[in-house]
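Observations on chain architecture
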Amino acid sequence: MRAYVEAIEGFSIRAIDLKTEKITEDELSNIAIMLDVDVPDLFDPVCAVLANVDFRDLSKENALKLLANNTMLLSTPVIIIGEHAYQFESSYELINENATITGIKRNEA
């Protein structure tokens, strides 16, 4: 998916390696706002199943602390374009949906 996003013309891409780079609680809170989801919804659902935990039971503050200290729990990828953020399950979903996202144009052959 990263290669596809990097191939979109007209956008500067900043990929974050969650293994080595941290995201602050404020940044995570802003991402949730841009995605129009609650902070606990930022957790990767696979992590919840594996840990047998319902992250939605966490307060916003505790969820932000946990995500900021364990960024690998974040459901990815998150694509931020301007004031909006988007999450996609796969490259296929991104390719099919991007025609409807303002600011992304699909190149038709």
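Everything numeric in this text was worked out from a predicted model, so none of it was measured. (Residues numbered from 1 in each chain as written. Predicted model: local features only at pLDDT ≥ 70, side-chain atom pairs only at ≥ 80, totals over all residues. Heavy atoms only, no water.)

1. Overview of the nonpolar core
Here is the rule: Definition of nonpolar core: a set of buried residues of the types Ala, Val, Leu, Ile, Met, Phe, Trp, Tyr and Cys, connected through side-chain atoms within 4.5 Å. Burial status follows relative accessibility: with a 1.4 Å probe on protein chains alone, a residue under 20% of its type maximum counts as buried, one over 50% as exposed, and anything between as partly exposed. Here a helix means four or more residues in a row that DSSP labels H or I, a strand means two or more in a row labelled E, and each is numbered from the N terminus. Contact definition: two residues touch when any of their heavy atoms are within 4.5 Å.
Grouped together as the largest cluster of nonpolar side chains are 19 residues, with contacts concentrated most on Leu 28, Val 39, Leu 42, Phe 43, Leu 67 and Leu 74. Where this core is concerned, the elements lending two or more residues are α2 (25-35), α3 (45-51) and α4 (60-69). Not counting residues within four places of it along the chain, the set of residues in contact with Leu 67 comprises Leu 28, Val 39, Leu 42, Phe 43, Leu 73 and Leu 74.

2. What about the side chain of Ser 75?
Here Ser 75 lies in the loop between α4 and β1 (78-81). The contacts of Ser 75, once residues within four sequence positions are left out, are Leu 42, Phe 43, Asp 44, Pro 45 and Gln 87.

3. Comments concerning the side chain of Thr 71
Note the cut-off: Between N or O atoms, a polar contact is any pair within 3.5 Å; within protein, one atom must be a potential hydrogen donor and the other a potential acceptor, and residues adjacent in sequence are included only when both atoms are from side chains.
Along the chain, Thr 71 falls in the loop between α4 and β1. Separated by 2.8 Å, the side chain of Thr 71 and the backbone oxygen of Leu 18 make a polar contact. If near-sequence neighbours (up to four positions away) are discounted, Thr 71 is found in contact with Leu 18, Glu 21 and Ile 23.

4. Some points on the pairing of β1
Each regular strand carries side chains that alternate between the two faces of the sheet. The condition is simple: Paired strands, as defined in this entry, are two strands with at least two bridges between them according to DSSP.
Here β1 shows one buried face, formed by Ile 79 and Ile 81, and one open face, formed by Val 78 and Ile 80. The pairing of β1 with strand β2 (residues 84-87) spans 4 bridges and is classified as antiparallel. Among the inter-strand pairings, Ile 80 is bridged to a residue of β2, identified as Ala 85.

5. Examining the pattern of salt bridges
Definition in use: Every case where a carboxyl oxygen of Asp or Glu lies within 4 Å of a side-chain nitrogen of Lys or Arg is listed as a salt bridge.
Summed over the entire model, instances satisfying the criterion amount to 1 salt bridge. As a salt-bridge pair, Arg 56 and Asp 54 come within 3.1 Å of each other at their nearest N and O atoms.

6. Some remarks on the packing of aromatic side chains
Filter applied, for reference: Pairing of aromatic rings covers Phe, Tyr and Trp, the last counted by its six-membered ring, and requires centre-to-centre distances within 6.5 Å; plane angles under 30 degrees mean stacked, over 60 mean edge-to-face, and any other angle means tilted.
Applying the stated criterion across every chain yields a total of 1 aromatic pair. Taking the centre distance of 3.9 Å and the plane angle of 5° together, the rings of Phe 43 and Phe 55 count as stacked. With a gap of 12 residues between them, Phe 43 in the loop between α2 and α3 and Phe 55 in the loop between α3 and α4 connect regions that are remote in the sequence. Considered together, Phe 43 and Phe 55 belong to a single accessibility category, that of buried residues.

7. Let's talk about the confidence of the model for the chain
Applicable threshold: Note on scores: pLDDT gives the predictor's confidence for each residue, bounded by 0 and 100.
Model confidence for the chain is summarised by a mean pLDDT of 78, while 72% of its residues fall at 70 or above. When the criterion is pLDDT under 50, residues 105-109 qualifies, and its contacts beyond four places in sequence or with other chains add up to 4 contacts.

8. Notes on the packing of α2 against α4
Let me state the cut-off plainly: Helix axes are fitted to C-alpha atoms over the stretch in contact, other axes to C-alpha atoms as well, and angles between N-to-C directions run from 0 to 180 degrees. Orientation categories follow fixed angle ranges, with anything under 35 degrees roughly parallel, anything over 145 roughly antiparallel, 65 to 115 roughly perpendicular, and all other angles oblique. Note on convention: near helix rotated counterclockwise from far helix by under a right angle means a left-handed crossing. Clockwise means right-handed. Lys, Arg, Asp and Glu make up the charged group, whereas Ala, Val, Leu, Ile, Met, Phe, Trp, Tyr, Cys and Pro make up the nonpolar group; the residues left over, Gly among them, are polar.
Remark: α2 packs on α4, axes separated minimally by 9 Å, with the N-to-C direction vectors making an angle of 115°. The pairing of α2 with α4 is recorded here as roughly perpendicular in orientation. You can see that α2 and α4 cross each other, and the crossing is right-handed. Each of Glu 25, Leu 28 and Ser 29 in α2 lies in contact with α4, whose residues at this interface are Lys 60, Leu 64, Lys 65, Leu 67 and Ala 68. Here the contact of α2 with α4 is built from residues that sort into 4 nonpolar, 1 polar and 3 charged.

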